[in-house]
Amino acid sequence: MTKTVAEPRVHLPEPIAAFLAADGGDSEALSQCFAEDAIVRDEGRTYRGLAAIKQWKAEAKKKYQYMIEPLASARIGDKTIVTNRLTGNFPGSPIDLRFIFVLDGDKIASLEIRP
């Protein structure tokens with residue numbers, strides 16, 4: 001998957017900024033953003049642990065090429081919600097998606113991607 005991150009116009013916590021920078025590129029760099037027991041929910045599926053998260057990104061990389069642009073960020077309780085515009089070769093492009101992060105220190109404990 002070829003992916004580009006537009007220069008962010010919003011302030012993002014470091015683990016989230018690192019995730020967006022690594023998304024679509026090196027899966028090892030991307031996995032460094034997550035806690036060992038992290039959970040990702042995307043497209044109706046749940047991925048638990050680093051091995052499953054790496055597989056999730058590898059499968060997405062085979063299917064899609066896209067650009068991601070962070071539009072807004074809000075903190076609600078322990079969640080950081082980042083609204084991103086994704087533009088690429090997938091049905092419905094472009095689309096705005098909410099990435100709902102829960103952080104554990106300097107790692108992502110969970111990520112849920114929703115319309």
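Preceding this section is the structure that the text describes.
Residues numbered from 1 in each chain as written. Predicted model: local features only at pLDDT ≥ 70, side-chain atom pairs only at ≥ 80, totals over all residues. Heavy atoms only, no water.

## Section: the overall build of the protein
- Across its full length, the protein carries three helices and seven strands.
- For the protein, the α and β elements follow one another from N to C terminus as β-α-α-β-β-α-β-β-β-β.
- On C-alpha atoms alone, the protein measures out to a radius of gyration of 13 Å, which is about the 13 Å that the 2.2 N^0.38 rule sets for 115 residues.
- Seen through its principal axes, the protein has C-alpha atoms that stretch 35 × 30 × 25 Å.
- Sorting the 115 residues of the protein into buried and exposed places 42% on the buried side.
- The long-range fraction of contacts in the protein, counting pairs at least 24 apart against all pairs at least 6 apart in sequence, stands at 42%.
- About 6300 Å² of surface is accessible on the protein, with carbon and sulfur atoms providing 51% of the total.
- Seen as two clouds, the 16 positive and the 16 negative side-chain charges of the protein have centres 5 Å apart. (Helix = DSSP H or I, 4+ residues; strand = E, 2+ residues; numbered from the N terminus. Rg over C-alpha atoms; globule rule 2.2 N^0.38 Å. Buried < 20%, exposed > 50% of the residue type's maximum accessible area, 1.4 Å probe, protein only. Contact = heavy atoms within 4.5 Å. Areas by Shrake-Rupley, 256 points an atom, 1.4 Å probe, with all protein chains shown as cover. Lys, Arg positive; Asp, Glu negative; His and termini not counted. Charge placed at Lys NZ, Arg CZ, Asp CG, Glu CD.)

## A word on the environment of W56
- Locating W56 in the fold gives a position in helix 3 (residues 49-63).
- The spatial distance from the C-alpha of W56 to the C-alpha of L20 is 15 Å, given a sequence separation of 36 residues.
- Not counting the four nearest positions on each side in its chain, W56 is found in contact with F19, V40, D42, Y47, L111 and I113.

## Quick word on the pairing of strand 5 (residues 79-88)
- Here 10 bridges tie strand 4 (residues 66-76) to strand 5, and the two strands are oriented antiparallel to one another. Counterpart to R75 in the pairing with strand 5 is T80.
- The pairing of strand 5 with strand 6 (residues 95-104) spans eight bridges and is classified as antiparallel. Bridge pairing links V82 to F99 in strand 6.
- If you look at the hairpin formed by strand 5 and strand 6, you'll find six residues sitting between the two strands, and G92 has a positive phi there, around 90 degrees. (Pairing = 2+ DSSP bridges.)

## Considerations on the packing of aromatic side chains
- Tallied over the entire structure, the rule returns six aromatic pairs.
- Ring centres of Y64 and F90 lie 6.1 Å apart, and the angle between their planes is 80 degrees; this geometry places the pair in the edge-to-face category. With Y64 in the loop between helix 3 and strand 4 and F90 in the loop between strand 5 and strand 6, this pair connects stretches of sequence that are 26 residues apart. For the pair shown, Y64 and F90 are each scored as buried. (Phe/Tyr/Trp six-rings, centres within 6.5 Å; stacked < 30°, edge-to-face > 60°.)

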